[in-house]
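Next come the chains, spelled out residue by residue.
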Amino acid sequence: MSESKLRDISTDFAVKVIMLTETIKGHYSLVNQLERSATSIGANIREANYAHGKSDFIAKLQIALKECYETEYWLELFVKSDILNRELAADLYTQCGTIRRILIASINTAKKNKQ
């Protein structure tokens, strides 16, 4: 998948999370954590495009992957705490999972090409 496609879907994902969090009342520290991790995914993907070499590129994508896992955690916590209903979270889970799988594949390809 092209890097621009990954940038686009991670940006779309971040926008959806921001729009969702605008509807959640209270729990400001948790909402902040979700927003920070979700928006960090795309930020690190963008940073990877300006990496100082292959190792830096891989490191930025690995950070994005970690943020993706963290975002999945926050979504799960919101659902289990009844802050967010499962139906609203389902699309975000799916999108986050798609981004995660693309990041894993991209990292593996970059590591393979580095050798």
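Anything mentioned here points back to the structure above.
Residues take numbers from 1 onward in each chain, read along the sequence in its written order. Side-chain atom pairs in this predicted model are given and counted only at pLDDT of 80 or more, local residue features only at pLDDT of at least 70, and totals for whole chains, interfaces and linings cover all residues. Side-chain metrics rest on all non-hydrogen atoms present in the structure, leaving aside hydrogens and water.

Visitor: Honestly, the packing of aromatic side chains in this entry has me stumped. Any pointers?
Guide: Any two aromatic rings considered together are summarised by their centre-to-centre distance and by the angle between their planes. Only centres within 6.5 Å qualify two rings of Phe, Tyr or Trp (six-membered ring in Trp) as a pair; their planes then separate them into stacked at under 30 degrees, edge-to-face at over 60, and tilted for everything else. Applying the stated rule across the entire model yields one aromatic pair. Taking the centre distance of 5.0 Å and the plane angle of 65 degrees together, the rings of Y73 and W74 count as edge-to-face. Take W74: its relative accessible area is 12%, and that puts it in the buried class. Burial classes: relative accessible area under 20% of the type maximum marks a residue as buried, over 50% as exposed, and values in between as partly exposed (1.4 Å probe, protein chains only).

Visitor: Hey, could you run me through the side chain of T21 in this one?
Guide: Numbered from the N terminus, helices here are DSSP runs of H or I no shorter than four residues, and strands are runs of E no shorter than two. Here T21 is to be found in helix α1 (residues 3-21). When its relative accessible area of 4% is taken as the criterion, T21 is described as buried. At 2.5 Å, the side chain of T21 forms a polar contact with the side chain of E35. The contact criterion used is simple: two residues touch if any of their non-hydrogen atoms lie within 4.5 Å. Contact partners of T21, with chain neighbours within four places excluded, come to V31, L34 and E35. Each polar contact in these results corresponds to two N or O atoms within 3.5 Å; when the atoms are within protein, one needs to be able to donate a hydrogen and the other to accept it, and residues that are neighboring in sequence are counted only if both atoms are side-chain atoms.

Visitor: I would appreciate a short explanation of the packing of helix α3 (residues 54-80) against helix α4 (residues 86-114) in the present structure.
Guide: Relative placement of two packed helices is described by the angle separating their axes and the distance separating the axes. Only the stretch in contact is used when fitting a helix axis, every axis being a line fitted to C-alpha atoms; angles between N-to-C directions are given from 0 to 180 degrees. In contact at an axis separation of 9 Å, α3 and α4 are set at 160 degrees when each is read in the N-to-C sense. Between α3 and α4, the crossing angle belongs to the class labelled roughly antiparallel. As for how α3 packs across α4, the hand of that crossing is left-handed. A class-by-class count of the residues in the contact of α3 with α4 yields 18 nonpolar, five polar and seven charged. Just so you know how the angles are binned, under 35 degrees is roughly parallel, over 145 roughly antiparallel, 65 to 115 roughly perpendicular, and the rest oblique. Handedness of a crossing is defined here by the sense of rotation of the near helix relative to the far one, left-handed for an anticlockwise turn of less than a right angle and right-handed for a clockwise turn. Charged residues are taken to be Asp, Glu, Lys and Arg, nonpolar residues to be Ala, Val, Leu, Ile, Met, Phe, Trp, Tyr, Cys and Pro, and polar residues to be all remaining types, Gly included.

Visitor: For this particular structure, what's the right way to read the nonpolar core?
Guide: General note: in soluble globular proteins, nonpolar side chains tend to be found buried as a group. Working definition of a nonpolar core: buried Ala, Val, Leu, Ile, Met, Phe, Trp, Tyr and Cys residues. They are joined through side-chain atoms within 4.5 Å. Formed by 31 residues in total, the largest nonpolar core has its most connected members in L6, F13, I41, I45, L61, I99 and L103. In contact with I99, not counting residues within four places along its chain, are L6, I9, S10, F13, I41 and C68.

Visitor: Would you explain the environment of K66 in this entry?
Guide: Relative to the helices and strands, K66 resides in helix α3. The class for K66 is exposed, based on a relative accessible area of 61%. Along the sequence, K66 and L103 sit 37 residues apart, while their C-alpha atoms lie 10.0 Å from each other.

Visitor: Help me understand the packing of helix α2 (residues 28-48) against α3, please; the structure alone is not making it clear to me.
Guide: The contact between α2 and α3 brings their axes to 8 Å, and the two run at 155 degrees. By the angle class used here, α2 and α3 are roughly antiparallel. Along this stretch, α2 crosses α3, giving a crossing that reads as left-handed. Class assignment for the residues of the contact of α2 with α3 results in 16 nonpolar, five polar and four charged.

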